[in-house]
2 protein chains.
Amino acid sequence: MKRRSWWGWGIEGEGLSPERRAALGALLGTQMDVGGLVALSPPRLEDVALPPMRARVPSALEHLVVSDPRERAGHTYGKAYRDVVRGLAGDLAPAPDVVALPESEADVERLLAWADEEGYAVIPYGGGSSVVGGVEARCREDYPAVVSLDLRKLSGVLELDRVSRAARIAAGTFGPDLEAALAADGLTLRHFPQSFEYSTLGGWLATRAGGHFATLHTHIDDFVESLRLVTPRGGLESRRLPGSGAGPSPDRFFLGSEGALGIITSAWMRVMPRPVHRASQTFAYPDCLCRGRGRARSLAQSGLHPANARVLDRWEALINGVGDGTRAFLLVAFESWDHPVDASLARAREIALGAGGEPIERAMAGALDTTALADAEDEQAAQRWRKMFLRGPYLRDALAEMGMIVETFETAITWDRFESFHREVREAAVRTLAEVAPGGAVVTSRLTHVYPDGAAPYFTVIAPGPPGALVAAWDAVKVAVSETILAAGGTITHHHAVGRDHQPFYARQVPPLFGEVLQAAKRQLDPRGILNPGCLLAGS
Amino acid sequence: MKRRSWWGWGIEGEGLSPERRAALGALLGTQMDVGGLVALSPPRLEDVALPPMRARVPSALEHLVVSDPRERAGHTYGKAYRDVVRGLAGDLAPAPDVVALPESEADVERLLAWADEEGYAVIPYGGGSSVVGGVEARCREDYPAVVSLDLRKLSGVLELDRVSRAARIAAGTFGPDLEAALAADGLTLRHFPQSFEYSTLGGWLATRAGGHFATLHTHIDDFVESLRLVTPRGGLESRRLPGSGAGPSPDRFFLGSEGALGIITSAWMRVMPRPVHRASQTFAYPDCLCRGRGRARSLAQSGLHPANARVLDRWEALINGVGDGTRAFLLVAFESWDHPVDASLARAREIALGAGGEPIERAMAGALDTTALADAEDEQAAQRWRKMFLRGPYLRDALAEMGMIVETFETAITWDRFESFHREVREAAVRTLAEVAPGGAVVTSRLTHVYPDGAAPYFTVIAPGPPGALVAAWDAVKVAVSETILAAGGTITHHHAVGRDHQPFYARQVPPLFGEVLQAAKRQLDPRGILNPGCLLAGS
């Protein structure tokens, strides 16, 4: 029987084969000194010490609460590098006392009432794919008990309005289940974060996840028609409206609230027919990132609204098996369920070919051209790439097991400041890696989303880790990069959320008086401060 | 010298000519009994009694504060029908004590500090075009004085970032000044509410104004990159970011806050090049609204994102001089600064011609075809229509002077409920008009904005008013319509804002716990409750 890994990504046993691990090590050996690495291997769960279970569960709720070691271990961390490394080290100190598995919204209300009464911390848990400490009970010692509230049993498309093209979907629905249910009616939400297989609608909404579209509607936010939440003070539901100007948007206030203000139980989402018209093209540029970036800006400012417009620097391209490490690439893809998109691609081609761009044959572009995901004309190639994209986190885990440092960070900045910003952030990573991981490092970057007024750069860092000090080394890089992002005017996160890892930086980014508003809202909705303490907002 | 009317729309003396008034009366006489009307005429300002001026102005602020009768009278009301009628009746009971005219953000801070110290109410005032009581001091008796804080001197494009296509614009900038400043660089904000000439950026932001685009980006919200506000507890500024997932959006929280949580002083707005490619077409449908509406839905769900997609029922068309009162019309327009839009129009034509639609020759469509405003291929015709559109409020004032009831109301609803919703709202208006204005009435409707999941219907009501009871009669219609909208699941406003007229209904629409969040934010940012009391949020 397939079961979720308690320490790493996805399903146990679905990671990289020994052969691929060996090949990966050999490839990295050409770029950095991997000689002194100390490999980690997952401990047996029965050998790992869990902190005592302290919760008192009333008999009326016993059927909704579990506390077996596997569930507690699996709900201890998200899936950040520092989470995986701690899991591999057998460190489960912040494990929740119990895992609650509500089967209905009423169950969520009952569980919250119990926790509020007892003063237990409640950490909402969707797919557990947070890479920012969003589900970790760092507050454990400050509360008599911690409840991980896993919404996985609140699953499915609950209502479908085919006329308005909207669906009410339970918050605990995982990506594949959600798409399968909508596909039966020829519809799709088309939200494909890399965590797609192991993340849920509720998690996407609570964290303002970034999805498939690289322009126009980039975050899940724009697809929300209305939300339902449960707070310790009761439930809340916004009206289903296609648009409104009646006061500040309640939906927008709870999008990004990361479980600190309430627990999202379901949402009416705008859905769309599955695309049938597709066109895509990849272009190469003879430098690192800047010309391709310039073209991406023109594309984002064209009003063409491509479904995809990704820029990869030469290192990203190299890793993706495209080019020889001297050229950057821009991938453009259009799609529609209604009309041909060839004219749009033709105009995009004109834009992309400026500044020394060169179109790449599909065969040459290889996997890269299918980064259009569902956009690709070649459905099989798209599925191959999609599989590769979604399996990315397994690769990350394999590197962690080899003793490598590997992680991503991401932000957004307006175009006028992009060049110096990108350079400074990159340099901060490289400089700090040289200190903490002197065996060499690779820092790659790409643009995941482009806007008329700016872009979201995304960095991947790989370096041989100092044995025994992986988390500290990574934290040093994270702090250096985050400080640089803040000082240079970026956002501490474009789509990975704030969680606990970004919280100290977010506290400096958020306008102070708006921070006070969030705290006032917290006091109003969660007077005892039991909801996801320390996530998003300062607290224990 | 041109000067603003103190009781009605726009510039004194720019209303309808006596000839046009006579023609209008004759036209209406064919539809309803206008025999018993009692005409109103604006009183001389010197004959109107203003309430006493109670504010104590410190000498350091005297240069920023005026209290002459014309300014006080002009800042007493917005421009709702009930405002105009009360002005015509010489009723200025809620006049502010003084009008403050800050010349800088620092002045706004100083004025707020003074008002906070004295406990004076402060009503932010942009262009004063509110049709929902947004600038009216109904709280006058509950405060020792009321300050109308007019931002008109905070005007102009303060910074321009051509690379990111963004501009920081002062909140008090009126539409024409804003567009003229951007036009110098070939740019435009392209936000054209009907109030365009007499409303300001700050007002648009505070009220989530609806603008030019009939699909995709319909409200001003989507063009905001960052905001600056002043509150009694200090200033607040969000980062300039093209996109972010760091917590709930601070901008979205203050958009729609209607001066109750802070005073917007400037904003970085996303701007765009002026369009050069245009295509438009009008289609007729052999019934009232439903087939045209069905086509509009298909269009909104096509992903074509037309700049305009308006539906007019047969009465709207008749008033616009198109058709014989038996057909509804759908106008579709595309535009771009980057690429030809003919292919988009061709596909839209296919969609529009379903369900018995018939294309209308440009000459036949007359003024209607130029409802595309700046979209029209015929620039002169567009300007003619635009002038007509922007002069609409003068027509409204002329009807009020004739003793008519005339006003608009608007909402939004998802497509699945549209048909019954539209019928019920219309019937509520007709039924109540029959009671309060038995001389007959016209109720027209159109769709101002269409979305994939719904539409924003807009109703215009014209009826002979009961002499001496115009406001009461209008209020009866407003209450009946608003109750119906609420009960049937719509929003109390799609783009006219909440103000004071919609406040009791908004209080029932807003999810109660989010209403508490807004009140908590109010206490945090405005502890003495001096900001626009009773607007948006319940209060004195």
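Position numbers for residues count from 1 along each chain, tracking the sequence in the order it is written. A letter from A marks each chain and a number from 1 marks each ligand, given out in the order of writing. Confidence filtering applies because this is a predicted model: local features only for residues at pLDDT of at least 70, side-chain atom pairs given and counted only at 80 or more, and all residues used for totals across whole chains, interfaces and linings. The side-chain figures draw on all heavy atoms in the structure; neither hydrogens nor water molecules are used.

**Regarding the overall build of chain A**
For the record, the criterion: Here a strand is any run of E in DSSP of at least two residues, a helix any run of H or I of at least four, and the numbering for each starts at the N terminus. Using a 1.4 Å probe on the protein chains alone, a residue whose accessible area is under 20% of its type maximum counts as buried, one over 50% counts as exposed, and one in between counts as partly exposed. In this description, contact between two residues means that some pair of their heavy atoms is separated by no more than 4.5 Å. Here, Shrake-Rupley sampling with a 1.4 Å probe gives the accessible areas, and only protein chains in the shown set may cover a residue. Charge counting treats Lys and Arg as positive and Asp and Glu as negative, with His and both chain ends excluded. Lys charges are placed at NZ, Arg charges at CZ, Asp charges at CG and Glu charges at CD.
Within chain A, the regular secondary structure consists of 17 helices and 19 strands. A total of 540 residues make up chain A; the buried ones form 64% of that total. Contacts in chain A between residues at least 24 apart in sequence constitute 76% of all its contacts with a sequence separation of at least 6. As presented, chain A carries roughly 18100 Å² of accessible surface, and 52% of it is formed by carbon and sulfur atoms. On chain A, the mean spot of the 57 positive side-chain charges and the mean spot of the 65 negative ones are 1 Å from each other.

**Notes on helix α3 (residues 81-88) of chain B**
All names here are of chain B. Across the eight residues that make up α3, a large majority, eight, are buried. Turning to α3, its buried residues number three or more, namely Tyr-81, Arg-82, Asp-83, Val-84, Val-85, Arg-86, Gly-87 and Leu-88. Lining the buried residues of α3 we find α13 (392-401), β16 (404-410) and α15 (470-487). Just past α3, the residue Gly-90 takes up positive phi, approximately 75°.

**A look at the sheet that holds strand β3 (residues 121-125) of chain A**
Strands pair in a sheet through their backbones, by hydrogen bonds, and they do so in one of two ways: parallel or antiparallel. Residue and element names in this part refer to chain A. To keep it simple, the criterion reads: A strand pair is defined by DSSP finding two or more bridges across the two strands. Under this scheme, a helix contributes an axis fitted over its contacting stretch, all axes are lines through C-alpha atoms, and angles between N-to-C directions fall in the 0 to 180 degree range.
With mixed pairing, the four strands of this open sheet are ordered in space as β1-β2-β4-β3. Whereas interior strands pair on both sides, the edge strands pair on one side only; in this sheet they are β1 (65-66) and β3. Pairing geometry for β1 and strand β2 (residues 98-100), over two bridges, is antiparallel. For Val-65, the partnering residue across the bridge sits in β2 and is Ala-100. Those strands touched by helix α4 (residues 105-118) are β1, β2, β3 and β4 (146-150), and its axis lies near 170° from that of β4.

**Focus: the sheet that holds strand β9 (residues 234-237) of chain B**
Residue and element names in this part refer to chain B. One open sheet accounts for five strands, arranged β5-β6-β10-β8-β9; its pairing is antiparallel. The two strands at the open ends of the sheet, each matched to only one other strand, are β5 (157-161) and β9. For this sheet the average axis-to-axis angle between neighbouring strands, irrespective of direction, equals 10°. Where strand β8 (residues 224-231) meets strand β10 (residues 263-270), six bridges bridge the pair, whose relative direction is antiparallel. Looking at β10, one finds that Leu-229 is bridged to Ile-264. Contacts between helix α4 (residues 105-118) and the sheet are confined to β8 and β10, with β8 contributing the most and set at about 40° to the helix.

**Quick word on the side chain of Thr-173 of chain A**
Residue and element names in this part refer to chain A. As a reminder of what qualifies: Polar contact is defined as a pair of N or O atoms within 3.5 Å, subject to the rule that within protein one atom must be able to donate a hydrogen and the other to accept it, and that residues adjacent in sequence are counted only when both atoms are side-chain atoms.
With respect to the element layout, Thr-173 can be found in the loop between β6 (166-170) and α5 (175-183). Within polar-contact distance, the side chain of Thr-173 engages the backbone oxygen of Ala-170 at 2.7 Å. Excluding residues that lie within four positions of it along the chain, Thr-173 makes contacts with Leu-154, Ser-155, Gly-156, Leu-178, Ser-199, Thr-200 and Leu-201.

**Looking at the pattern of salt bridges**
Threshold: Salt bridges are identified by distance alone: a Lys or Arg side-chain nitrogen within 4 Å of an Asp or Glu carboxyl oxygen.
Scanning the model with the defined rule gives 85 salt bridges over all chains in all. Residues Glu-71 of chain A and Arg-152 of chain A are paired through a salt bridge, measuring 2.7 Å at the closest nitrogen-oxygen approach. Of this pair, Glu-71 of chain A sits in helix α2 (residues 69-74) while Arg-152 of chain A sits in the loop between β4 and β5 (157-161), and the two are 81 residues apart along the sequence. Here Arg-138 of chain B and Glu-136 of chain B are joined by a salt bridge, their closest N and O atoms 3.2 Å apart. With relative accessibility at 2%, the residue Glu-136 of chain B sits in the buried group. When salt bridges with common partners are traced through the structure, they connect Asp-83, Arg-86, Glu-136, Arg-138 and Asp-501 of chain A into a single cluster.

**What to know about the state of the cysteines**
Put simply, the test is: Disulfides are defined as pairs of cysteine sulfur atoms found within 2.5 Å of each other.
Tallied over the entire structure, the rule returns zero disulfides over all chains. For the unlinked cysteine Cys-535 of chain B, the closest cysteine sulfur is that of Cys-139 of chain B, found at 10 Å.

**Concerning the confidence of the model for chain A**
In low-pLDDT regions, the fine details of the predicted coordinates are not to be read closely. Residue and element names in this part refer to chain A. Rule in force here: Confidence per residue, as judged by the predictor, is encoded in pLDDT with a range of 0 to 100.
For chain A, per-residue confidence averages 93 on the pLDDT scale, and residues scoring 70 or more make up 95% of the total. Every residue in residues 367-377 is under pLDDT 50, and counting partners more than four places away or in other chains gives 46 contacts. Predicted complex metrics record ipTM = 0.96 and pTM = 0.97.

**Quick look at the interface of chain A and chain B**
For clarity, the threshold we go by: Reported buried area values correspond to the accessible surface (1.4 Å probe) lost by two parts on association, with both partners' losses combined. By the convention adopted, Pro, Cys, Tyr, Trp, Phe, Met, Ile, Leu, Val and Ala count as nonpolar, Lys, Arg, Asp and Glu as charged, and the other residues, Gly among them, as polar.
At the interface, 83 residues of chain A touch 83 residues of chain B. With both chains or domains summed, chain A and chain B bury close to 6400 Å², and 58% of this area falls on carbon and sulfur atoms. Inspection of the region where chain A meets chain B yields eight salt bridges. Put simply, chain A and chain B have 40 residue pairs in polar contact (both at pLDDT 80 or more) between them. Ranked by residues supplied to the side of chain A that touches chain B, first place goes to helix α17 (residues 512-525) of chain A with 10 residues. Its residues placed into classes, the side of chain A that touches chain B shows 35 nonpolar, 30 polar and 18 charged.

**A closer look at the relation of the copies chain A and chain B**
The criterion, for reference: A least-squares fit on C-alpha atoms brings the copies together, and the residues used are those whose pLDDT is at least 70 in both copies.
Placing chain A over chain B gives an RMSD of 0.0 Å and needs a rotation angle of 180°, together with 0.0 Å of translation along the axis. This pairing of chains is accounted for by a two-fold axis.

**What to know about the packing of helix α14 (residues 415-436) of chain B against α15 of chain B**
All names here are of chain B. The following threshold applies: Here is the rule for angles: anything less than 35 degrees is roughly parallel, anything more than 145 is roughly antiparallel, 65 through 115 is roughly perpendicular, and the remaining ranges are oblique. Here a crossing is taken to be left-handed if its near helix is turned anticlockwise relative to the far helix by less than a right angle, and right-handed if that turn runs clockwise.
Running from N to C, α14 and α15 cross one another at 155°; their axes reach a closest spacing of 9 Å. With respect to each other, α14 and α15 are oriented roughly antiparallel. Viewed along their axes, α14 and α15 form a crossing whose handedness is right-handed. Along the contact surface, α14 presents Phe-421, Glu-424, Val-425, Ala-428, Ala-429, Thr-432, Leu-433 and Val-436, while α15 presents Ala-473, Ala-476, Val-477, Ala-480, Val-481, Thr-484 and Ile-485.

**With respect to empty space enclosed by the protein**
Any empty space left between atoms is shown by rolling a water-sized probe over those atoms. All names here are of chain B. Our working definition: Buried and open spaces are told apart on a 1 Å grid over the protein atoms alone, a cavity being a set of points where a 1.4 Å probe fits but cannot get out and a pocket being an open set with protein on both sides within 12 Å along at least five of seven lines. Residues with an atom within 4 Å of a point are the lining residues. Grid points are joined across faces, edges and corners, and a volume is the space filled by probe spheres set on the points.
Under the criterion given, the structure shown has six cavities of 30 Å³ or more. Size it by volume and the largest cavity reaches roughly 90 Å³. Forming the walls of the largest cavity are 14 residues, and the residues nearest its centre are Val-131, Val-132, Glu-407, Thr-408 and Lys-478. Sort the elements by how many residues they give to the lining of the largest cavity and β16 lands first, with four residues. Across the lining of the largest cavity, the residue classes break down as six nonpolar, three polar and five charged. For the second largest cavity, the calculated volume is near 60 Å³.

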